[in-house]
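# Tertiary structure, described
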Amino acid sequence: MNVLLENPQRVSLYSERFTALRHIQFLKTLARLNFSGQLVLTDPLEQQWIFYLEKGMLLYASGGKHAVRRWRRNLAAYCPQAPLQSIVWQHDVNSLQASPEISFGWEYALLCSWVRRKRVTARQAAKIIGTSITEILFDVAQAEAVMQQIKPGVSPPNPLISIEVDRAIASAKQSLEAWQNAMLGDYSPNDAPIIRQPEQIKHRRSAQAYQAMARLLDGRRSLRDLSVKTRRNVVKIAASLLPGIQLGWVELTQIPDFNPPKTPPAANDPPLTWETYPDKLIACIDDSLLIRQTMEELLNAAGYQFIGVGDALRALGVMMAKKPDLIFLDLVMPDASGYEICQQLRKLSRFRETPIIILTGNDGFTSRLRSNFVGASDFLSKPLDAGAVLSIIQKHLQQGAFSA
């Protein structure tokens, strides 16, 4: 059973699938836009993952099928001095009501508290966070489909670590490639192995070796749990079991998570003031495909409808047909400038009050003066910043709602 498959066909299809997943690539978009807040991913089975970002850097990630198991095994792996009993966690969580980190989840708040109290080191906390993010990215990549949503927000006062999105994705990609190259793509490291045909295994092993295997393969520990317990790479463990799995001697089963501690309400949470308008259509007229795609991903995740136009000569006709509620308009385009399009739109009664936001890399006084003259409502500098984009939309749609 410890013999690995001989000469497995090494393929990288899983890596290609991972690279192509929009819900993973969207993290790169948020990094490029210096986004601060949460990216929430939900699969069709209502499984949810949350990524916390500050100015495009990853601070933490949580959620998924085995959030508590992941927390417990990473504590065991990197913080052997930390308590593994849930009753101790509950005692410490009860004291976190006033903690500004509690809105990031009880796991992150506990880490912050333990670092402050020197129960774990900052380096150990960073290891836990980095490993958790890699595992969660791996699990998201195995999901067939996800719905993505962003929630702009504030960051904790003293983040434990900031991780580059590209670095996190590269780490997860490496794990996925190793998993797929071992012919494990149809399985999840969150599944637990259990012996189904003991007689087939007993006569191939000594009694002592079989008893040791039976104690481990009891259906109570996931492959990832076994990796930490045995201090062996999870891919090597799964690959060594693969022949037995294919013969039906061993089965991989789904197991539940442990119960999380009860979380006290956050006493000092600021009131939620962010508002979106899901019935509103936002347009972007820009000859840059990257700008249009970035806007589409960001605004769809924020709950808005979107339409992009790359041809300045078609812009007026498309706007008249679609009647967007707010328009982003590039200042410099071939065939027609943003000034000309803005001026033409303002001549139409339908667009006299529509917010028109000029996108420009030249935020000088002359550009602003001329844009004001042709009727622009506001300006946004390139390169785009997620917070600025969402704030300016909210500002003008709120103004429209109040004036209505």
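Read on for a plain summary of the structure. On a predicted model such as this, the values are computed, not experimentally measured, just so you know. (Residues numbered from 1 in each chain as written. Predicted model: local features only at pLDDT ≥ 70, side-chain atom pairs only at ≥ 80, totals over all residues. Heavy atoms only, no water.)

### Topic: the side chain of His396
Mapped onto the elements of the fold, His396 is located in helix H16 (residues 386-403). Within the structure, His396 has its side chain in polar contact with the side chain of Asp378 (distance 2.9 Å). If we ignore the near neighbours within four places in the chain, the residues touching His396 are Leu326, Pro355, Ile357, Ser377 and Asp378. (Helix = DSSP H or I, 4+ residues; strand = E, 2+ residues; numbered from the N terminus. Polar contact = N/O pair within 3.5 Å; in protein donor to acceptor, adjacent residues only side chain to side chain. Contact = heavy atoms within 4.5 Å.)

### Thoughts on the sheet that holds strand E2 (residues 48-54)
What the 5 strands build is an open sheet, ordered E4-E1-E2-E3-E5; its pairing is antiparallel. Sheet topology places strand E4 (147-152) and strand E5 (163-164) at the edges, where each strand pairs with a single neighbour. Sheet analysis places strand E1 (residues 37-42) next to E4, joined by 6 bridges and oriented antiparallel. Directly across from Thr42, in E4, lies its bridge partner Met147. (Pairing = 2+ DSSP bridges.)

### Remarks on the pattern of salt bridges
Under the defined criterion, the tally for this structure stands at 14 salt bridges. Its salt-bridge partner being Glu251, residue Arg196 comes within 2.6 Å of it at the nearest N-O pair. Of this pair, Arg196 sits in the loop between strand E6 (192-195) and helix H8 (198-202) while Glu251 is found in strand E7 (residues 250-253), placing the two residues 55 residues apart along the sequence. The salt bridge partner of Lys395 is Asp378, with a shortest N-O separation of 2.8 Å. Here the residue Lys395 occupies a position in helix H16, and Asp378 occupies one in strand E12 (residues 378-381), the gap between them amounting to 17 residues. Look at Lys395 and you get partly exposed, because its relative accessible area is 39%. By sharing partners, the salt bridges in this structure join Arg69, Arg73, Glu135 and Asp225 into a single network. (Salt bridge = Lys/Arg side-chain N within 4 Å of Asp/Glu carboxyl O. Buried < 20%, exposed > 50% of the residue type's maximum accessible area, 1.4 Å probe, protein only.)

### A word on the side chain of Asp191
Along the chain, the position of Asp191 falls in the loop between helix H7 (165-181) and E6. No salt bridge is formed by the buried Asp191; the nearest opposite charge belongs to Lys65, separated by 4.7 Å. Once residues within four sequence positions are removed from consideration, Asp191 is found in contact with Arg221, Ser222, Leu223, Leu252, Thr253 and Gln254. (Lys, Arg positive; Asp, Glu negative; His and termini not counted.)

### Observations regarding the sheet that holds strand E8 (residues 281-285)
Each strand in a sheet pairs with its neighbour through backbone hydrogen bonds, running either in the same direction (parallel) or in the opposite one (antiparallel). The sheet built from 5 strands is open, its strands ordered E9-E8-E10-E11-E12 with parallel pairing. Among the strands making up the open sheet, the edge pair consists of strand E9 (305-309) and E12. Taken over all neighbouring pairs, the strand axes of this sheet differ in orientation by 20° on average, direction set aside. In the sheet, E8 pairs with strand E10 (residues 326-330) via 4 bridges, with the strands oriented parallel. Across the sheet, Ile285 pairs through a bridge with Leu329, a residue of E10. (Axes fitted to C-alpha atoms, helices over the stretch in contact; angles between N-to-C directions.)

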